[in-house]
Amino acid sequence: MELRQLQYAIQIAAEKNFSRAAEKLHIAQPSLSQQLSKLEKEIGVLLFQRNTNSVEMTYAGSVFVEKAQIILDKVAQLKKEMEDISQMRKGKLIVGSLPITGSHILPLVLPVFQQKYPEIEIQLVEETSSNLERLAANGQTDISLLSLPLSERTLSYLPLIEEEICLCVPPNHPLAHIHPAPANVQMTALKEEPFILLKKGQGFRQITLDLCHSAHFEPQIVFESTNIDTVQSLVAAGMGVALVPKMVAREKGEANAPVYLPLAGRPTRTLVIAYRHGRYLSKAADAFISVLQEVVQKR
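Quantities reported herein were computed from a predicted structural model and do not represent experimental measurements.

### Remarks on the overall build of the chain
Then comes step 1: Scanning the chain from terminus to terminus reveals ten helices and eleven strands.
Then comes step 2: Here the C-alpha coordinates of the chain stretch approximately 105 × 35 × 25 Å along the principal axes.
Then comes step 3: Going through the 299 residues of the chain one by one, you find that 45% of them count as buried.
Then comes step 4: Of the contacts made within the chain by residues no fewer than 6 positions apart, 70% connect residues no fewer than 24 positions apart.
Then comes step 5: Put simply, the chain shows about 16100 Å² of open surface, and 52% of that area lies on carbon and sulfur atoms.
Then comes step 6: Averaging the positions of the 31 positive and the 31 negative side-chain charges in the chain gives two centres separated by 4 Å.

This is the structure:
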């Protein structure tokens, strides 16, 4: 069954005459009759009673024409929607993000994107690193903002930003009162410190553990949280030290602000835009990535 055969049946029903229907369809009458016979043979029912001077629909024909019109309307609507999507007049984009990244980067990106593309709906998914990788690998997000390394091998990525990692200590910590402030704090100097970490499943937790392991010690973990802001508040309250991405550092003098110090070697984390390998990236996704890169470069 072809879409053109549906159109032929609809036109015959409207004209009740093969000659007039063929003229409106810009095809020869024998060709129209042949296509209708072929269609009736395929579906196994008679759609029209052929009389000398007119054509009358059978009951099956009336049902067929009604459904055929719905199908052709849906096809026309589908074409229009695809055109709108291709020209980015409308669409939907599912963006996954780590809570840390989402709270500090997306508020800068989303207003710019929505101003440029107001009809594209953005659905945000905030999850842990491990869950986001799984969602991206399953195609349940179009793109996701993650940090390296990625454990899911089916993901491809585009580097977004290299961000410094700094040490976060309580205001009354001895390191916070050294004058002049230490240019670089050695990780080995933190061996006996109580650490506050993000909970398992958070990518930045693994980054902290890796930096401690590279300094040949296992951190003494006293508290864990799912929220980087809670981690910083606990540090400010004197409960321990933490490593944090520089983008989340609170302003000096802000309430519950710890002291931030640079680490030796200036370690960094790499934020990336990840997606399933081989996944088609829509024009909306490409546009979002462009806005994201543009905004990040201006930070």
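Structure shown, so let's carry the discussion forward.
### Digging into empty space enclosed by the protein
Then comes step 1: Enumeration over the complete set of coordinates arrives at two cavities of 30 Å³ or more.
Then comes step 2: Each pocket or cavity is described by its volume, and for the largest cavity that value is around 50 Å³.
Then comes step 3: Every residue lining the largest cavity is listed: Ile196, Leu197, Leu198, Phe204, Arg205, Thr208, Ile228, Val231, Ala242 and Leu243.
Then comes step 4: If you list the elements that add at least two residues to the lining of the largest cavity, you get strand S7 (194-198), helix H8 (203-214), helix H9 (228-236) and strand S9 (242-245).
Then comes step 5: For the lining of the largest cavity, a count of residues per class yields eight nonpolar, one polar and one charged.
Then comes step 6: By volume, the second largest cavity is sized at about 40 Å³.
Then comes step 7: Lining the second largest cavity are Leu98, Pro99, Ile100, Ser129, Ser147, Gln202, Gly203, Phe204 and Arg269.
Then comes step 8: Split by residue class, the lining of the second largest cavity holds four nonpolar, four polar and one charged.

### Observations regarding a nonpolar patch on the surface
Then comes step 1: A cluster of nonpolar side chains, contributed by Leu78, Met82 and Ile85, occupies part of the molecular surface with about 260 Å² of accessible area.
Then comes step 2: For leucine 78, the location among the structural elements is in helix H4 (residues 59-86).

### Observations concerning the nonpolar core
Then comes step 1: Among the nonpolar cores identified, the biggest contains 60 residues, and Leu167, Met187, Leu190, Leu243, Phe288 and Leu292 are the most heavily contacted of them.
Then comes step 2: Looking at this core element by element, the count peaks at nine residues for helix H10 (residues 283-298).
Then comes step 3: The contact partners of leucine 292, leaving out residues within four places of it in the chain, are Ile105, Val109, Leu145, Leu160 and Ile273.
Then comes step 4: By size, the runner-up hydrophobic cluster in this structure holds 20 residues, among which are Ile10, Ala22, Leu25 and Leu32.

### Let's talk about the environment of alanine 284
Then comes step 1: With respect to the helices and strands, alanine 284 occurs in helix H10.
Then comes step 2: Distance in space between the C-alpha atoms of alanine 284 and isoleucine 122 is 9.9 Å, their sequence separation being 162 residues.
Then comes step 3: Among residues more than four places away in sequence, those in contact with alanine 284 are Met88, Leu93, Phe113 and Ile120.

### Thoughts on the packing of helix H1 (residues 3-15) against helix H2 (residues 18-25)
Relative orientation and spacing of two packed helices are given, respectively, by the angle between their axes and the distance between those axes.
Then comes step 1: At a minimum axis distance of 8 Å, the contact between H1 and H2 shows a crossing angle of 130 degrees. It follows that H1 is oblique to H2 by the angle criterion. Crossing handedness for the pair H1 and H2: right-handed. Every residue of H2 that contacts H1 at Gln7, Tyr8, Gln11, Ile12 and Glu15 is listed here: Phe18, Arg20, Ala21, Lys24 and Leu25.
Then comes step 2: Classifying every residue of the contact of H1 with H2 by side-chain character gives five nonpolar, two polar and three charged.

### Points about the packing of aromatic side chains
Then comes step 1: Under the criterion given, the structure shown has three aromatic pairs.
Then comes step 2: For the ring pair phenylalanine 113 and tyrosine 117, a centre distance of 5.0 Å and an interplane angle of 45 degrees mean the geometry is tilted. We note that phenylalanine 113, like tyrosine 117, is buried.
Then comes step 3: An aromatic cluster is present here, built from Phe113, Tyr117 and Phe288 joined pairwise through their rings.

### Observations regarding the pattern of salt bridges
Then comes step 1: What the rule picks out here adds up to nine salt bridges.
Then comes step 2: Residue glutamate 2 is joined to arginine 4 by a salt bridge in which the shortest nitrogen-to-oxygen separation is 2.6 Å.
Then comes step 3: On the basis of relative accessibility, which here comes to 34%, the residue glutamate 2 falls in the partly exposed class.
Then comes step 4: Classification of arginine 4 as partly exposed rests on a relative accessible area of 39%.

The rules behind these values
Residues numbered from 1 in each chain as written. Predicted model: local features only at pLDDT ≥ 70, side-chain atom pairs only at ≥ 80, totals over all residues. Heavy atoms only, no water. Helix = DSSP H or I, 4+ residues; strand = E, 2+ residues; numbered from the N terminus. Buried < 20%, exposed > 50% of the residue type's maximum accessible area, 1.4 Å probe, protein only. Contact = heavy atoms within 4.5 Å. Areas by Shrake-Rupley, 256 points an atom, 1.4 Å probe, with all protein chains shown as cover. Lys, Arg positive; Asp, Glu negative; His and termini not counted. Charge placed at Lys NZ, Arg CZ, Asp CG, Glu CD. 1 Å grid on protein atoms, 1.4 Å probe; cavity = no way out; pocket = protein on both sides within 12 Å on 5 of 7 lines; lining within 4 Å. Points joined across faces, edges and corners; volume = space filled by probe spheres on them. Nonpolar A, V, L, I, M, F, W, Y, C, P; charged D, E, K, R; others polar. Patch = residues over 30% accessible without salt bridge, like charges linked within 9 Å, V, L, I, M, F, W, Y side chains within 5 Å. Salt bridge = Lys/Arg side-chain N within 4 Å of Asp/Glu carboxyl O. Core = buried A, V, L, I, M, F, W, Y, C linked by side-chain atoms within 4.5 Å. Axes fitted to C-alpha atoms, helices over the stretch in contact; angles between N-to-C directions. Parallel < 35°, antiparallel > 145°, perpendicular 65-115°, else oblique. Left-handed = near helix turned anticlockwise from the far one by under 90°. Phe/Tyr/Trp six-rings, centres within 6.5 Å; stacked < 30°, edge-to-face > 60°.

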